[in-house]
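Tertiary structure, described
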Amino acid sequence: MTGSETAVLREMRWWDIEPVLELERELFPDDAWSRGMFWSELAHARGPGATRRYVVAQEDDRIVGYAGLASSGDQADVQTVAVSRDHWGTGLGSRLLTELLRAATAFECAEVMLECRIDNVRAQKLYERFGFETIGVRRGYYQPGNVDALVMRLTDPSAPAHP
């Protein structure tokens, strides 16, 4: 068994940044996040004023996925969802997204937004299964490749998902 069955989801901590960066660079070579970006996000993920929720999926000693959400007022934004290629199709992306939607509900967000590369059909299908709808396009959003992003919205993160 791999992926959804054996990976453990837990809060991302600072010591996860290096293995997450390795996976980030492998999956998103043209527009990978920097170390500083992850540090900045995690700085807002703990304590009574937390506005972020980041989780990793760990299988044995290996990070095989991660995801993050930012909240502001009654809106949350999916910042990232990533699953190692050898775990694609296992349901791990659904588990990670479910965790983010739980966090959005805990943050009392009425809607969740995200941007998705227009060429990432796999991710689009995942988001659509959860009820996200395309509401716009951001031209040239992903740099340096100048790739467009679909803007997607989920209007009730507390509703049961259909992964």
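Residues numbered from 1 in each chain as written. Predicted model: local features only at pLDDT ≥ 70, side-chain atom pairs only at ≥ 80, totals over all residues. Heavy atoms only, no water.

The name given to the chain in an unreviewed UniProt entry is Ribosomal protein S18-alanine N-acetyltransferase, with the source organism recorded as Streptomyces prasinosporus. Per UniProt, the comment on the chain under Sequence similarities (unreviewed entry) is "Belongs to the acetyltransferase family. RimI subfamily." (UniProt positions renumbered as here; feature names shortened; annotations may be inferred.)

Roughly 1,100 Å³ of internal volume is contained in the largest pocket. Around the largest pocket, the lining comprises 40 residues; the ones closest to its centre are Phe28, Val81, Asn120, Ala123 and Tyr127. Among the elements of the structure, helix H1 (17-27), strand E4 (75-83), helix H3 (92-106), strand E5 (111-117), helix H4 (121-129) and strand E6 (133-142) are those that each provide at least two residues to the lining of the largest pocket. Sorting elements by how many residues they give to the lining of the largest pocket places E4 first, with 7 residues. A breakdown of the residues in the lining of the largest pocket according to their chemical character gives 19 nonpolar, 10 polar and 11 charged. (1 Å grid on protein atoms, 1.4 Å probe; cavity = no way out; pocket = protein on both sides within 12 Å on 5 of 7 lines; lining within 4 Å. Points joined across faces, edges and corners; volume = space filled by probe spheres on them. Helix = DSSP H or I, 4+ residues; strand = E, 2+ residues; numbered from the N terminus. Nonpolar A, V, L, I, M, F, W, Y, C, P; charged D, E, K, R; others polar.)

Across the sheet, 7 strands lie side by side as E1-E2-E3-E4-E5-E7-E6; this open sheet has mixed pairing. Edge positions in the sheet fall to strand E1 (8-11) and E6, since each has one partner strand and no second. Ignoring strand direction, the axes of neighbouring strands in this sheet form an average angle of 25°. The sheet contact formed by strand E3 (residues 62-72) and E4 spans 8 bridges and is antiparallel. Note that in E4 the partner of Gly68 across the bridge is Thr80. (Pairing = 2+ DSSP bridges. Axes fitted to C-alpha atoms, helices over the stretch in contact; angles between N-to-C directions.)

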